[in-house]
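# Reading the structure
Next come the chains, spelled out residue by residue.
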Amino acid sequence: MTAHKKTQTQLIHAPRKAPQYIETVQPPLFRASTIIFKSTSHLFDRHWTDAYDYSYGTHGTPTTFTLADNIAQIEGGTYCLLAPSGLSAITLVNSAVLNSGDEVWVADNIYGPNLEHLNNLQARYGIQVKIYNPIDANSFQPTEKAKLIWLEAAGSVTLEFPDLKNLVKKAQQANMLTALDNTWGAGLAFNAFDFSNEHLSVDITVHALTKYPSGGGDILMGSVVTRDQQLHHKLYRMHAIQGISVSGDDTAQIQRSLAHMSLRYDQQSKSAVTLLDWLQQQPHFSQVLHPSHADSAGHSFWSEICTTGKSAGLVSVIFKPEYDLAAIQKFCDSLSLFKLGFSWGGPISLAMLYDLKQMRSLENTHLQQGLLVRFCIGLEHPEDLIQDIQNALKQIE
Ligand SMILES: Cc1ncc(COP(=O)(O)O)c(C=O)c1O
């Protein structure tokens, strides 16, 4: 008979153990730094490439692997790594694949902090950063040093849908890796690992799970999906070396929200199109940007690749030049349902003000001069959102 344990020990070693099998609607949540080994032989036999050989919290738990497998599946890939933010997923890719002397190509409309990270690598390690125009594949001229091209479909502020087909083909001919920021498409608008009628595929997708998968505007996370095992192991190694890991609680929350992600995405896509139709008729704007809009740059690429007809929940407007910064600030400050904030994919609609002059390296002849406001459509009724914009526009008339 085992001796009665002291209270201090009882407080730690609870008598109840998790049952072998119990089915619940949501998978069980594991929180771990330490993972307890069954035996020393199990400790010595484990191998780092085996995702299910649990060894330590940073390496993963059933909770993180469940979400990772789910994201890989949704995006049409095979392997997935989770990172604590979309940006950290991006920097993981840059750190894992780029070496000193390599050339990396980025779209002029790429998510800004990605370019900042690359510029930082350029300054410290002699990596060459080159910018291309996403709607003109001729502007992408890789040299023999070219290692990686970053794609974004659509670009998250000016919403040009890139010439994905020709850019990927050209990168493949140059033996480069292709990485797509897939946050806008979320694996729902098109399959990045099998797109166009020619079944083209990118090598890597990065997804800010902070947006649609989280859906709440309250959790940060990112993912890196691949199909190639060797490439996955390269990324996995860097993931481990850098100690990149995510919290079990955050992961379980995102897993829970995935159940209704496509319903939310579809609704936000539809509401964005309703707003687009109305915004186009307003006299205040010189341009309304949305890939489904026939006048938007890259529309034909969107039509060819996004055969689902989906287009996320982002619409941008460029105000006519007579509206100066003070007027646009007044417009933004007069919005009530739309809150002023970064990010998208949550329940609350957001607006953000941008000055394109400070954001682009190339001359973008397809964009009008003027200040830009991006609307991220939430889950409110689109008629209320239109009313909100209408009220704010009245303030600057
Ligand atoms: C297109 C795109 N990629 C990546 C990110 C980075 O995601 P996170 O905010 O999780 O770092 C963002 C965030 O706004 C984004 O818009």
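Right, let's walk through the structure included here. Numbers given to residues run from 1 along each chain, matching the order in which its sequence is written. Per-residue local features are limited, in this predicted model, to residues with pLDDT of at least 70; the limit for side-chain atom pairs, both in listing and counting, is 80 or more; totals at the level of whole chains, interfaces and linings are taken over all residues. Water and hydrogen atoms play no part in the side-chain values, which are based on all heavy atoms of the structure.

Another point: the pattern of salt bridges. In what follows, salt bridge is the name for a side-chain nitrogen of Lys or Arg lying within 4 Å of a carboxyl oxygen of Asp or Glu. On inspection of all chains with the given rule, the structure shows eight salt bridges. Of the charged contacts in the structure, one is a salt bridge between R31 and D249, with a shortest N-O distance of 2.8 Å. With a gap of 218 residues between them, R31 in the loop between α1 (7-12) and α2 (40-45) and D249 in helix α8 (residues 248-258) connect regions that are remote in the sequence. Note on exposure labels: buried denotes an accessible area under 20% of the residue type's maximum, exposed denotes more than 50%, and partly exposed covers the range between, all computed with a 1.4 Å probe on protein chains only. You can call D249 partly exposed: its relative accessible area is 32%. With a shortest N-O distance of 3.3 Å, K165 and E198 are connected by a salt bridge. Of this pair, K165 sits in helix α6 (residues 164-173) while E198 sits in the loop between β5 (177-181) and β6 (204-208), and the two are 33 residues apart along the sequence. By relative accessible area, which is 16% here, K165 ends up buried. A residue is classified by how much of its surface remains accessible, and E198, at 38% relative accessible area, is partly exposed. Secondary structure counts use DSSP, requiring at least four H or I residues in a row for a helix and at least two E residues in a row for a strand, with both numbered from the N terminus.

Looking now at the nonpolar core. One broad trend across soluble globular proteins is that nonpolar side chains are buried collectively. Only buried residues count toward a nonpolar core, which is a set of Ala, Val, Leu, Ile, Met, Phe, Trp, Tyr and Cys residues joined through side-chain atoms within 4.5 Å. Core analysis: the biggest nonpolar cluster contains 81 residues, and W150, F161, W184 and F190 have the highest contact counts within it. Among the elements that make up this core, the one with the highest residue count is helix α4 (residues 86-97) (six residues). Domain borders in the structure are assigned automatically or taken from a domain database. Shared between two domains, this core takes at least three residues from each, and those domains are domain 1 (7-256) and domain 2 (260-394). Within the second largest apolar cluster, 28 residues are counted, among which are V288, Y323, F331 and L385.

For the ligand, the set of nearby residues contains 14 residues, the closest of which are G86, L87, D181, T210 and K211. N or O atoms closer than or at 3.5 Å make up a polar contact, with two conditions inside protein: a donor-capable atom paired with an acceptor-capable one, and, for residues adjacent in sequence, both atoms drawn from side chains. At 2.9 Å, a backbone N or O of L87 approaches an oxygen atom of the ligand. Between the ligand and W344 there is a distance of 3.3 Å, counted from an oxygen atom to a side-chain nitrogen or oxygen. Among the elements that take part in the shell around the ligand, α4 stands out by supplying three residues, more than any other. Just so you know the grouping, Ala, Val, Leu, Ile, Met, Phe, Trp, Tyr, Cys and Pro go in nonpolar, Asp, Glu, Lys and Arg go in charged, and all remaining residues, Gly too, go in polar. Split into classes, the residues belonging to the shell around the ligand amount to six nonpolar, five polar and three charged. Being near a molecule or strand, for a residue, means having at least one of its heavy atoms within 4 Å of it.

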